[in-house]
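Structural overview
Take a look at the letters that make up each chain.
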Amino acid sequence: MSKKEQSLERIRVFADLMDSRFRIPGTKIRFGLDPILSLLPVAGSTLSYLISAYLVIEMVIAGASGKVAIKMILNILLDAILGLIPFIGIIPDIFYRANNRNFRLLEEHYAQGKHKGSGIGIIIAILVVLLVFVGLIAYGIARLFQSIF
């Protein structure tokens, strides 16, 4: 087995362990360590995100394009944001499965040649959205101060 194949297998095993290794008896619902770790305040979520970040780094080392890497990071960020919701945050951990999504992106990249490129378009779109968001917040704060004073 080549070094690249070993890396892909290691990534697949970790993604499966984090997102879909176990099944709730009597259902088709699968989950991994991610929602279990999320039950531990701060430390569990931090460990989960560190493992997800490791997987993205491993995937980039294995040859994922910049565009794939950006999509993977966005998957992790969305998972992290949804996971911040008290009590309900475990549900997205069970159903969103960012690590499995990221592994599928990598497989599509290698097997089907999808998601090629630097991803600069995605970065620009994110920056524009963030800029508009920050602008709206600044406008709202300015209007608030204007109405107070």
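Residues numbered from 1 in each chain as written. Predicted model: local features only at pLDDT ≥ 70, side-chain atom pairs only at ≥ 80, totals over all residues. Heavy atoms only, no water.

1. A short note on the overall build of the protein
What counts, and what does not: Under the scheme used here, helices are H or I runs from DSSP no shorter than 4 residues and strands are E runs no shorter than 2 residues, and both carry numbers assigned from the N terminus. In this description the radius of gyration comes from C-alpha coordinates, and the expected globular size is given by 2.2 Å times residues to the power 0.38. Exposure classes here rest on a 1.4 Å probe applied to the protein chains alone. A residue is buried below 20% of its type maximum, exposed above 50%, and partly exposed in between. Residue contacts follow a heavy-atom distance rule, with two residues in contact if any of their heavy atoms lie within 4.5 Å. Note that accessible areas follow from Shrake-Rupley with a 1.4 Å probe, and for residues the cover is restricted to the protein chains shown. Charged residues are defined here as Lys and Arg on the positive side and Asp and Glu on the negative side; His and the ends of the chain fall outside this count. A charged residue contributes its charge at one atom only: NZ of Lys, CZ of Arg, CG of Asp or CD of Glu.
Check the secondary structure of the protein and you find seven helices and two strands. Each helix and strand of the protein, ordered N terminal to C terminal, gives the series α-β-β-α-α-α-α-α-α. Taking 149 residues into account, the globule formula puts the C-alpha radius of gyration at 15 Å, and the protein, at 19 Å, lies well above it. Looking at the protein as a whole, 32% of its 149 residues qualify as buried. In the protein, the share of contacts with a sequence separation of at least 24, taken over all contacts with a separation of at least 6, comes to 62%. Accessible surface, the protein: about 9,500 Å² in total, of which carbon and sulfur atoms supply 73%. Between the averaged position of the 16 positive side-chain charges in the protein and that of its 10 negative side-chain charges there is a distance of 5 Å.

2. Quick word on the packing of helix H4 (residues 66-83) against helix H7 (residues 120-148)
This is how the line gets drawn: For helices, the fitted axis covers only the stretch in contact; all axes are lines through C-alpha atoms, and the angles between them, taken along N-to-C directions, range from 0 to 180 degrees. By definition in this entry, angles of less than 35 degrees are roughly parallel, angles greater than 145 are roughly antiparallel, angles of 65 to 115 are roughly perpendicular, and the rest are oblique. Residues are sorted three ways: Asp, Glu, Lys and Arg are charged, Ala, Val, Leu, Ile, Met, Phe, Trp, Tyr, Cys and Pro are nonpolar, and all the rest, Gly among them, are polar.
Look at H4 against H7: their axes get within 8 Å of each other, and the N-to-C directions meet at 40 degrees. Between H4 and H7, the crossing angle belongs to the class labelled oblique. For the pair formed by H4 and H7, the contact residues are Lys 67, Ile 70, Lys 71 and Leu 74 on the first element and Ile 122, Ile 123 and Ile 126 on the second. Grouping the constituent residues of the contact of H4 with H7 by class yields five nonpolar, no polar and two charged.

3. What about unusual backbone geometry?
With the exception of glycine, most residues fall at negative phi, and the peptide bonds are largely trans. A positive phi angle is found at Arg 97, which is not glycine, with a value near 55 degrees. Inspection of the secondary structure assignment puts Arg 97 in the loop between helix H5 (90-95) and helix H6 (98-112). Its relative accessible area of 21% is what places Arg 97 among the partly exposed residues.

4. Remarks on the environment of Ala 80
Examined against the element boundaries, Ala 80 turns out to sit in helix H4. For the pair Ala 80 and Ala 98, spaced 18 residues apart in sequence, the C-alpha to C-alpha distance is 9.4 Å.

5. Some details on the nonpolar core
Selection criterion: By convention a nonpolar core is built from buried Ala, Val, Leu, Ile, Met, Phe, Trp, Tyr and Cys residues, the set being connected through side-chain atoms within 4.5 Å.
Core analysis: the largest hydrophobic core is formed by twelve residues, namely Ile 11, Ala 15, Leu 55, Val 56, Met 59, Ala 64, Val 68, Met 72, Ile 76, Phe 103, Leu 105 and Leu 106. Contributing elements (two or more residues each) for this core: helix H1 (3-19), helix H3 (43-61), H4 and H6. Beyond its immediate chain neighbours, meaning those up to four positions away, Met 72 contacts Val 56, Met 59, Ala 64, Asn 102, Leu 105 and Leu 106.

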